[in-house]
Amino acid sequence: MESPVLKVLLVEDEISIADNVRVALQQEGYSLDHAKTGAEGLQLINSQTYDVLIFDVGLPDQTGFELCKKVRAKVQTPLLFLTARGEEIDKIVGFELGADDYLTKPFSPRELAMRVRALAKRAQANLKTTEPSHVSQRGLFKIDHEKMKIQFDGVTLELSRYEYRLMELMIRRPGVVFSRQQLMEAVWEDPGMSLERTVDAHIKSLRAKLKAVKPTHSPIETHRGTGYSLKES
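Residues numbered from 1 in each chain as written. Predicted model: local features only at pLDDT ≥ 70, side-chain atom pairs only at ≥ 80, totals over all residues. Heavy atoms only, no water.

A. Quick look at the pairing of strand β6 (residues 135-138). As paired elements, β6 and strand β7 (residues 141-144) share four bridges and run antiparallel to each other. Bridge pairing in β7 places serine 136 opposite isoleucine 143. Hairpin connection, β6 to β7: the antiparallel pair is bridged by two residues, and glycine 139 has positive phi, about 60°. (Pairing = 2+ DSSP bridges. Helix = DSSP H or I, 4+ residues; strand = E, 2+ residues; numbered from the N terminus.)

Shown next as structure tokens:
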């Protein structure tokens, strides 16, 4: 089985540096998203899951340190700072805010790729020692398969048996469009005894429970005439 592609977010306003980083990381087989401002970066972090974050300290709308504070209130993703400064005090500030590594410009893109790989490996090792095998994480969702519990953005959802099964199925296969018939056959013990509007009612209930946790986020999509899917994020 192939290893999952490492997903990296770079927040850097200098296009030439971003292009060099992209080439170096893509040569390693990594996927890179690029944001030019802290606001753009924060929006991506709120909607997607990354393996490693790279922040330039000197961003046009806020400092990388300020962005780090906001991010650390939400996630603990490995984070590396890029900066034109070399003073020790800046490094101390960065590490105190929660940075995992620091690279001063000008830097070798190859060295950056090596540090990204090291951060990702360290995070995976920590995850293996702290996360039980029966717990899986997909974006904002965490599933405890033994306890049949699902967390959304850190909040445990109060789900019925069928709501859990519907949600667990869609989380495992984000982006896949399931017809109502497919959902009935996969979730209900006797799908012949269920009606398509039963699926609709359960989806409506799930949406309400997800919205209560995160009002601005609507992860379940309706495909008219087809069925439902969970957004890939």
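B. Molecular detail of the pattern of salt bridges. One pass over the full model with this rule turns up eleven salt bridges. Put simply, glutamate 163 and lysine 209 hold a salt bridge, and the shortest N to O gap is 2.7 Å. Remark: lysine 209 occurs in helix α8 (residues 196-213) and glutamate 163 occurs in helix α6 (residues 161-172); sequence separation between them is 46 residues. Overall, the relative accessible area of 5% leaves glutamate 163 in the buried class. Judged by its relative accessible area of 28%, lysine 209 falls in the partly exposed class. The partner of aspartate 200 in a salt bridge is arginine 180, with the nearest N and O atoms 2.7 Å apart. Taken together, the positions of aspartate 200 in helix α8 and arginine 180 in helix α7 (residues 180-187) put the pair 20 residues apart, joining distant regions of the chain. (Salt bridge = Lys/Arg side-chain N within 4 Å of Asp/Glu carboxyl O. Buried < 20%, exposed > 50% of the residue type's maximum accessible area, 1.4 Å probe, protein only.)

C. Representation of the nonpolar core within the structure. Phe141, Ile150, Met167, Met170 and Ile220 are the most contacted members of the largest nonpolar core, which totals 24 residues. Counting residues per element, the ones that place at least two in this core are β7, β8 (149-152), α6, α7, α8 and β12 (227-230). At seven residues, the largest contribution of residues to this core is made by α6. Those residues in contact with isoleucine 220 that lie beyond four places of it in its chain are Met167, Met170, Ile203, Leu206, Arg207, Leu210, Tyr228, Ser229 and Leu230. Within the second largest apolar cluster, 20 residues are counted, among which are Ile17, Ile54, Leu103 and Leu112. (Core = buried A, V, L, I, M, F, W, Y, C linked by side-chain atoms within 4.5 Å. Contact = heavy atoms within 4.5 Å.)

By themselves, these figures tell us nothing about what the structure is for.
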